[in-house]
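The chain contents come next:
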Amino acid sequence: MSNALHNDLARLVGRIERAGREQVAADPYRQQFHLMPPVGWLNDPNGLCRCGEWYHVFYQYAPFDPLGGVKHWGHYRSRDLLHWEQLPPMLYPDQPWDLHGVYSGSALVEDDTLYLYYTGNVKHEGDFDYITAGRGHNTALAVSRDGVRPDSKELLMDNAAYPPGLTCHVRDPKVWAQDGGYLMVQGARTLDDRGELLLFRSDDKRHWRHINTLTTPEPFGYMWECPDLFELAGQWFLLCSPQGVPRRGDRFQNVYACGYFPLYGDPCGAYTLGTFTELDQGFDLYAPQTFLDGDRRLMLGWMGMPDAGYTDPTVLYGWQHCLTVPRVVRRLGERLLSWPVPELDALHLAPVAPAQAYCFDLLAQTAMQGSLTIRGCATIAWQPGSLTLTLGTGGAGRTVRRAPVDTVRSLRVLADASSLEIFLNEGEQVLTTRYYPDPDARGVQMTGCEATIWSMGRLAVERYSRQEGMI
Ligand code: FRU
């Protein structure tokens with residue numbers, strides 16, 4: 001499918017990506033083994049899936065400005081999570097119902113075809129608050145048989161199709177096949193400012209019926225973004241990014257929260273939600289999405305935080321934000337554990353001396369108390385009862401985060417040029433953050449741990465060879 005706006009946008013995005021290439025490549029904070037926007041701004045991962053031999057990673061992409069803009073669906077694909085192909089965006093804001101942003105959504109794979117469900121964002125002109133009025137949040141479907149470009153885009157639901165009592169904020173459809181039909185969850189904000197999830201069912205992937213609303217007995221924030229709902233080893237989990245949850249001591253330290261509820265009972269019928277657990281204790285994890293890869297469930301998140309106000313220096317080089325590494329999610333009772341996919345071990349180059357460490361994978365057995373200082377910029381310190389992550393001036397506004405943890409027994413730190421992903425006790429807790437050390441700084445100072453440090457290589461990222469011809 002194409003129209004004049006689509007064709008112009010495709011040409012312009014290609015042009016801006018080519019024009020920005022050198023400037024972006026000159027940035028010492030460009031990552032080695034994380035997916036980043038070629039230029040411009042990235043937020044949520046979208047449409048994560050495996051279709052035949054390909055993994056697809058789409059993401060919220062505003063190519064024209066590193067500070068954000070109208071969203072497209074940027075696109076990478078890979079056969080092994082190590083060699084990636086950068087494709088042209090799959091979805092452009094080119095229809096009356098998605099003109100002001102092709103917002104977040106998900107992929108359903110059937111018969112080697114991608115069914116991409118997303119929110120078309122429309123902001124009407126006028127004196128509106130864009131919460132209770134003035135905004136269209138449209139549920140749309142794009143179908144792609146070749147996994148490179150869409151064959152069709154269609155509007156499935158507009159605000160009038162959603163249940164009563166809601167603001168205009170209904171978005172981020174996550175769709176999956178279930179019991180001979182299809183289910184979809186969407187995040188919503190009610191007129192009395194409560195976050196909740198809407199569950200829809202369909203028999204044909206196109207006509208959707210609201211069948212349940214999932215929420216807590218007491219209000220928990222005003223909006224739940226980017227929901228995901230899945231069963232893992234016999235337990236349902238409802239993952240979402242709630243906005244408006246006030247800080248309570250060491251809980252909810254970021255502007256917005258990100259975590260999960262165990263769900264007991266039947267999501268389509270009588271259910272209760274258990275206690276909300278945060279997925280991450282660091283500064284930068286939001287809007288994670290999971291997908292099934294054979295019998296494992298993988299997750300990627302946005303390594304960023306909306307409205308946090310950090311001044312990431314990468315904007316000087318024309319880009320901002322990246323995704324986390326792909327992680328395997330496992331169930332431990334009512335908790336979710338996450339751990340980097342084993343594929344990443346193939347990027348281990350050679351063991352490196354602590355004083356030389358730069359981009360690395362550090363695995364450590366820890367004493368009751370200890371600390372790690374990384375590239376003179378970030379200090380991780382633990383003792384019985386807690387672990388703290390402290391960033392100095394290289395935090396670009398990020399200061400201190402505390403993770404309540406009884407005992408730190410082991411630590412894994414994946415350090416890229418400008419990020420840290422810190423896994424405690426085999427993934428029981430995670431702290432994810434961007435950081436901006438002096439580009440020349442190297443080294444890890446350690447007390448209270450025995451560590452092996454591998455220096456890390458790069459993902460191979462190639463531009464889609466037919467890209468130039470396409471636009
Ligand atoms: C979360 C979010 C989503 C929305 C998208 C727009 O970061 O606000 O709710 O679909 O970003 O880019």
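What you see is a predicted model, and the numbers here were worked out from it, not measured in a lab. (Residues numbered from 1 in each chain as written. Predicted model: local features only at pLDDT ≥ 70, side-chain atom pairs only at ≥ 80, totals over all residues. Heavy atoms only, no water.)

*Asks:* In this structure, what is going on with the overall build of the chain? I would like to understand it.
*Replies:* Along the backbone of the chain there are 2 helices and 32 strands. Since a compact globule built from 471 residues should have a radius of gyration of about 23 Å, the 21 Å found for the chain is in line with a globular shape. By principal-axis analysis of the C-alpha atoms, the chain measures approximately 60 × 55 × 45 Å. Taking all 471 residues of the chain together, 62% fall into the buried category. Across the chain, the fraction of contacts at a sequence separation of at least 24, relative to all contacts at a separation of at least 6, is 59%. Carbon and sulfur atoms provide 50% of the accessible area of the chain, an area that totals close to 17,700 Å². Computed over 42 positive and 55 negative side-chain charges, the separation of the two mean positions in the chain equals 2 Å. (Helix = DSSP H or I, 4+ residues; strand = E, 2+ residues; numbered from the N terminus. Rg over C-alpha atoms; globule rule 2.2 N^0.38 Å. Buried < 20%, exposed > 50% of the residue type's maximum accessible area, 1.4 Å probe, protein only. Contact = heavy atoms within 4.5 Å. Areas by Shrake-Rupley, 256 points an atom, 1.4 Å probe, with all protein chains shown as cover. Lys, Arg positive; Asp, Glu negative; His and termini not counted. Charge placed at Lys NZ, Arg CZ, Asp CG, Glu CD.)

*Asks:* Explanation requested: the pattern of salt bridges in the structure shown.
*Replies:* Applying the stated criterion across every chain yields a total of 24 salt bridges. Of the charged contacts, one joins Glu53 and Arg79 as a salt bridge, the two residues approaching to 2.9 Å between their closest N and O atoms. Here Glu53, found in the loop between strand S1 (40-51) and strand S2 (54-62), pairs with Arg79, found in the loop between strand S3 (72-78) and strand S4 (83-91); they are 26 residues apart in sequence, far enough to count as distant. The exposure class assigned to Glu53 is partly exposed, which follows from its relative accessible area of 44%. Given the relative accessible area of 47%, Arg79 is considered partly exposed. Close ionic contact of Asp98 with Lys153 constitutes a salt bridge, the shortest N to O distance being 2.8 Å. Taken together, the residues span a long stretch of sequence, with Asp98 in the loop between S4 and strand S5 (102-110) and Lys153 in strand S8 (residues 152-157) at a distance of 55 residues. With respect to class, Asp98 is no different from Lys153; both count as buried. (Salt bridge = Lys/Arg side-chain N within 4 Å of Asp/Glu carboxyl O.)

*Asks:* Can you help me understand helix H1 (residues 4-25) in this one?
*Replies:* Side chains that are three or four residues apart share a direction in an α-helix, a result of its 3.6 residues per turn. Compared with the 32 Å implied by 1.5 Å per residue over 22 residues, the 32 Å span of H1 between its first and last C-alpha is a close match. Remark: the principal bend of H1, roughly 35°, maps to Ala19. The complete set of buried residues in H1 reads His6, Leu9, Ala10, Val13, Gly14, Glu17, Gly20 and Val24. (Expected span 1.5 Å × (residues − 1). Bend = angle between axes of the 7 residues up to and from the residue.)

*Asks:* Teacher, can you tell me more about the environment of Ser455 here?
*Replies:* Following the sequence through the fold, Ser455 ends up in strand S31 (residues 444-456). Taking the C-alpha atoms as reference points, Ser455 and Pro96, separated by 359 residues in sequence, lie 49 Å from one another.

*Asks:* Can you help me understand the confidence of the model for the chain in this one?
*Replies:* Note that predicted coordinates carrying low pLDDT should not be read in detail. In the predicted model, the chain carries a mean pLDDT of 97, and the fraction of residues at 70 or more is 99%. Taking the mean pLDDT of every element in the chain, the minimum, 46, falls on helix H2 (residues 467-470) and the maximum, 99, on S5. (pLDDT = per-residue confidence, 0-100.)

*Asks:* Honestly, the pairing of strand S25 (residues 378-383) in this entry has me stumped. Any pointers?
*Replies:* On any regular strand, side chains alternate: one points to one face of the sheet, the next to the other face. Here S25 shows a buried face lined by Ala378, Ile380 and Trp382 and an unburied face lined by Thr379, Ala381 and Gln383. Of the strand pairs in this sheet, strand S24 (residues 360-374) and S25 are connected by 5 bridges, and their pairing is antiparallel. Across the sheet, Thr373 pairs through a bridge with Thr379, a residue of S25. Both S25 and strand S26 (residues 385-391) contribute to a ladder of 6 bridges, which runs antiparallel. Within the sheet, the bridge partner assigned to Gln383 lies in S26 and is Ser386. Where S25 folds back on S26, the antiparallel hairpin that results is connected by 1 residue. (Pairing = 2+ DSSP bridges.)

*Asks:* Please explain the sheet that holds strand S12 (residues 209-214) as it appears in this structure.
*Replies:* Sheets are built from strands that pair by backbone hydrogen bonding, the pairs being arranged parallel or antiparallel. The 4 strands lie next to each other as S9-S10-S11-S12, forming an open sheet whose pairing is antiparallel. Because the sheet does not close on itself, it has two edges, and the strands there are strand S9 (166-178) and S12. Going from strand to strand, the sheet's axes swing by 25° on average, the running direction of each strand aside. (Axes fitted to C-alpha atoms, helices over the stretch in contact; angles between N-to-C directions.)

*Asks:* Looking at this structure, how should I read unusual backbone geometry?
*Replies:* The phi torsion of most residues other than glycine is negative, and most of the peptide bonds are trans. At Asp111, a position not held by glycine, the phi torsion is positive, near 50°. Among the secondary structure elements, Asp111 is positioned in the loop between S5 and strand S6 (113-123). In this structure Asp111 comes out as exposed when scored by relative accessible area, which is 70%. Positive phi values are uncommon outside glycine, yet Tyr130 reaches one of about 60°. Summarising the element assignment, Tyr130 is placed in the loop between S6 and strand S7 (135-144).

*Asks:* How do you make sense of the site of the ligand when you look at a structure like this?
*Replies:* Lining the immediate environment of the ligand, one finds Asn43, Asp44, Gln60, Lys71, Tyr103, Ser104, Arg171, Asp172, Glu225, Cys226, Tyr286 and Trp302. Contacts to the ligand include Asn43, whose side-chain N or O atom sits 3.1 Å from an oxygen atom. In the environment of the ligand, an oxygen atom lies 2.5 Å from a nitrogen or oxygen atom belonging to the side chain of Asp172. Burial of the ligand by the protein amounts to 91% of the accessible area it has alone, namely 320 Å². (Near = heavy atom within 4 Å. Polar contact = N/O pair within 3.5 Å; in protein donor to acceptor, adjacent residues only side chain to side chain.)

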